[in-house]
Amino acid sequence: MSHLSKFVLPDAEIPNYWANVLPSLKEPLEMPIHPGTKQPLSPADLAPIFPMSLIEQEFSPEPEIDIPGPVMDIYRLWRPTPLYRAHRLEAALQTPAHIYYKYEGTSPAGSHKPNTSVAQAYYNKEAGIRRLATETGAGQWGSALALACQLFGLECTVYMVRISYDQKPYRRMMMNAWGAEVFASPSDHTDSGRAVLAQHPDSPGSLGIAISEAVEDAAKHSDTNYALGSVLNHVLLHQTVIGLECQKQMALAEEKPDVVIGCFGGGSNFGGIVLPYFLQKLKGDPVRLLAVEPSACPTLTKGVFAYDFGDIAKLTPLLKMYTLGHDFVPPGIHAGGLRYHGASPLASHLLKHGWLEARSYGQLGCFEAALQFARTEAILPAPESSHAIRAVIDEALAAREEGKQRNILFCLSGHGHFDLGSYDAYLNGKLQDYEYPAEAIAASMAALPKV
Ligand SMILES: Cc1ncc(COP(=O)(O)O)c(C=O)c1O
């Protein structure tokens with residue numbers, strides 16, 4: 001069946017559960033730590049900003065968690081998403097490799113992010129919350145949460161990283177259209193934002209700063225909770241619908257992947273596609289799982305595995321993860337969703353224990369790959385997703401060199417229709433690769449908390 005280009009599942013084949021890998025881990029996951037007491041975090045510590053149902057999912061021992069009916073009803077608007085075989089890209093690369101991609105850009109917000117925003121909005125509504133506050137880097141997560149809040153009748157406040165706010169005005173407008181209020185971060189609406197602005201009035205912002213603002217907003221208002229678009233276990237859990245659908249679709253293609261690839265910001269689309277395959281790997285499947293990040297923000301490839309804060313103002317619990325230091329502000333690359341100093345503790349744990357591989361690329365090589373993809377497969381990828389495509393092309397070229405067939409599966413996490421300014425800059429030679437920001441990272445690493 002691999003001569004087909006598209007593998008589409010009927011609505012009834014949307015998985016009715018999310019796959020939880022926590023009970024299957026060989027070594028226990030390092031627990032989050034309370035920043036004040038330095039003791040393991042208790043569920044009650046998270047209650048001021050998250051509903052209990054999500055806190056339970058964060059630590060759940062259940063291997064499968066049922067997807068609630070109202071969430072399924074909304075998933076059905078665009079799920080199952082299509083799996084494609086990239087015949088035209090394969091031909092252009094003259095590779096014996098078979099390249100498959102799971103396209104998450106068919107969601108209304110244009111990426112994988114609604115898989116969790118819808119679930120999070122649902123559980124918060126159930127818990128009687130009136131408003132959600134969040135951060136957004138690329139604008140994809142903010143759009144996804146704005147949409148989900150609208151569908152469940154919640155208000156939504158988004159702190160959007162300043163550089164993306166300036167680069168991508170249409171993302172802000174999309175959030176406004178779905179009823180959200182949007183502030184450029186650092187903003188003067190929070191103590192955390194004001195503190196950054198006092199020191200760096202021209203700060204381009206970072207996800208670490210925007211998270212501080214959103215967490216502070218939620219902590220100060222009893223009717224408001226915080227929603228995170230990546231990093232935490234429950235977010236990766238909701239994203240496993242991606243990999244679970246892929247497994248059914250690869251069965252339709254009568255093939256199995258040799259390598260599964262995703263770009264990596266906080267780890268949610270990567271976790272979403274690879275975690276169901278990690279469960280296969282535990283049973284002896286030799287499948288490789290490859291995370292791809294920007295070399296300007298090389299958390300997995302150059303960071304340390306240590307307890308650190310998820311945000312600049314040190315409001316979040318301490319998470320054991322690969323980190324570049326919580327006050328590292330990454331260079332203003334155009335893949336705004338990959339500008340995060342930390343990484344999902346679950347993905348970090350799996351990398352540390354040798355289950356995953358990680359690789360980094362500069363943005364110029366990624367835009368080159370994105371254009372090759374757009375000019376063969378027709379879809380214009382999000383700059384974040386282009387990192388996965390760079391690695392896919394390199395894997396396919398390696399297969400050509402070795403003269404060996406291999407099946408490559410990757411997550412095309414979103415489209416780039418709101419990123420045309422970045423494509424324009426690239427096409428006009430205005431983009432640069434950034435040197436590895438060694439000094440800034442060293443300074444930030446020196447400020448890691450002592451645990
Ligand atoms: C299209 C797209 N892909 C990937 C990412 C990276 O996030 P994550 O690592 O959580 O998937 C983002 C983040 O905003 C995004 O917008």
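Residues numbered from 1 in each chain as written. Predicted model: local features only at pLDDT ≥ 70, side-chain atom pairs only at ≥ 80, totals over all residues.

### Considerations on the overall build of the chain
Phase 1: Within the chain, the secondary structure is distributed over 18 helices and 15 strands.
Phase 2: Over its C-alpha trace the chain gives a radius of gyration of 20 Å, about what one expects of a compact globule, namely 22 Å for 451 residues.
Phase 3: Along the first, second and third principal axes, the C-alpha set of the chain runs to 55 × 50 × 45 Å.
Phase 4: Out of the 451 residues in the chain, the part that is buried amounts to 58%.
Phase 5: Long-range contacts, defined here as pairs at least 24 residues apart, represent 77% of the contacts in the chain between residues at least 6 apart. (Helix = DSSP H or I, 4+ residues; strand = E, 2+ residues; numbered from the N terminus. Rg over C-alpha atoms; globule rule 2.2 N^0.38 Å. Buried ≥ 20, exposed ≤ 12 C-beta atoms within 10 Å, placed from the backbone. Contact = placed C-beta atoms within 7 Å.)

### Some remarks on the site of the ligand
Phase 1: Every one of the 21 residues lining the ligand counts as a neighbour, but Gln140, Ser230, Gly265, Gly337 and Gly414 are closest to it.
Phase 2: Of all elements in the fold, only α6 (140-152), α12 (268-282) and α16 (383-402) reach the threshold of two or more residues within the shell around the ligand.
Phase 3: At three residues, the largest contribution of residues to the shell around the ligand is made by α12.
Phase 4: For the shell around the ligand, the per-class residue count stands at seven nonpolar, 13 polar and one charged. (Near = placed C-beta within 6 Å. Nonpolar A, V, L, I, M, F, W, Y, C, P; charged D, E, K, R; others polar.)

### Description of unusual backbone geometry
Most peptide bonds adopt trans geometry, and most residues besides glycine take a negative phi value.
Phase 1: Backbone torsion omega between Arg79 and Pro80 reads -5 degrees, so that peptide bond is classified as cis.
Phase 2: Along the chain, the position of Pro80 falls in the loop between α3 (69-75) and β4 (83-85).
Phase 3: In this structure, the amide linkage connecting Ser185 to the following residue, Pro186, adopts the cis form with an omega of 10 degrees.
Phase 4: Checked against the element boundaries, Pro186 lands in the loop between β8 (181-185) and α9 (191-199).
Phase 5: Positive phi is not limited to glycine here, since Val231 has a value of about 70 degrees.

### Examining the environment of Leu356
Phase 1: As for its placement among the helices and strands, Leu356 is situated in the loop between α14 (345-352) and β14 (357-361).
Phase 2: In sequence terms Leu356 and Val287 are 69 residues apart; their C-alpha atoms lie 10.0 Å from each other.
Phase 3: Residues within four places of Leu356 in sequence aside, it is in contact with Leu289, Ala291, Ala347, Leu350 and Leu351.

### A closer look at the sheet that holds strand β5 (residues 98-103)
Either a parallel or an antiparallel arrangement is found when strands of a sheet pair, and the pairing is made through backbone hydrogen bonds.
Phase 1: Read across the sheet, seven strands follow the order β1-β4-β5-β15-β10-β11-β14 without closing on themselves; strand pairing throughout is mixed. In this open sheet, the two strands that pair with only one neighbour each are β1 (6-7) and β14.
Phase 2: The strands that α12 touches are β5, β10 (259-263), β11 (288-294) and β15 (407-412); relative to β10, the one it contacts most, it runs at about 160 degrees. (Pairing = 2+ DSSP bridges. Axes fitted to C-alpha atoms, helices over the stretch in contact; angles between N-to-C directions.)

### Comments concerning the nonpolar core
Phase 1: In terms of nonpolar packing, the biggest core is built from 137 residues, with Leu145, Cys149, Ile261, Val392 and Ile408 touching the most fellow members.
Phase 2: Apart from residues no more than four positions distant in its own chain, Leu145 is found in contact with Ser117, Leu132, Thr134, Cys156, Val158 and Ala227. (Core = buried A, V, L, I, M, F, W, Y, C linked by C-beta atoms within 7 Å.)

### Looking at helix α5 (residues 114-126)
Phase 1: With 13 residues, α5 extends 18 Å from end C-alpha to end C-alpha; this agrees with the ideal 18 Å at 1.5 Å per step.
Phase 2: A large share of α5 lies buried, amounting to eleven of its 13 residues.
Phase 3: Among the residues of α5, Pro114, Asn115, Thr116, Ser117, Val118, Ala119, Gln120, Ala121, Tyr122, Tyr123 and Asn124 are the ones counted as buried.
Phase 4: The positive-phi residue at the C-terminal boundary of α5 is Gly128, with phi of around 85 degrees. (Expected span 1.5 Å × (residues − 1).)

### Brief notes about helix α10 (residues 207-220)
Phase 1: Between its first and last C-alpha, α10 extends 20 Å over 14 residues, near the 20 Å set by a 1.5 Å rise per residue.
Phase 2: Of all 14 residues making up α10, twelve are buried, and the element is well covered by its neighbours.

### Some thoughts on the pairing of strand β13 (residues 318-323)
Strand residues, when the strand is regular, have side chains that alternate between the two faces of the sheet.
Phase 1: Taking burial as the measure, the six residues of β13 include five buried ones, the bulk of the element.
Phase 2: The pairing of strand β12 (residues 304-309) with β13 spans six bridges and is antiparallel. When the sheet's bridge partners are listed, Ala306 is paired in β13 with Met321.

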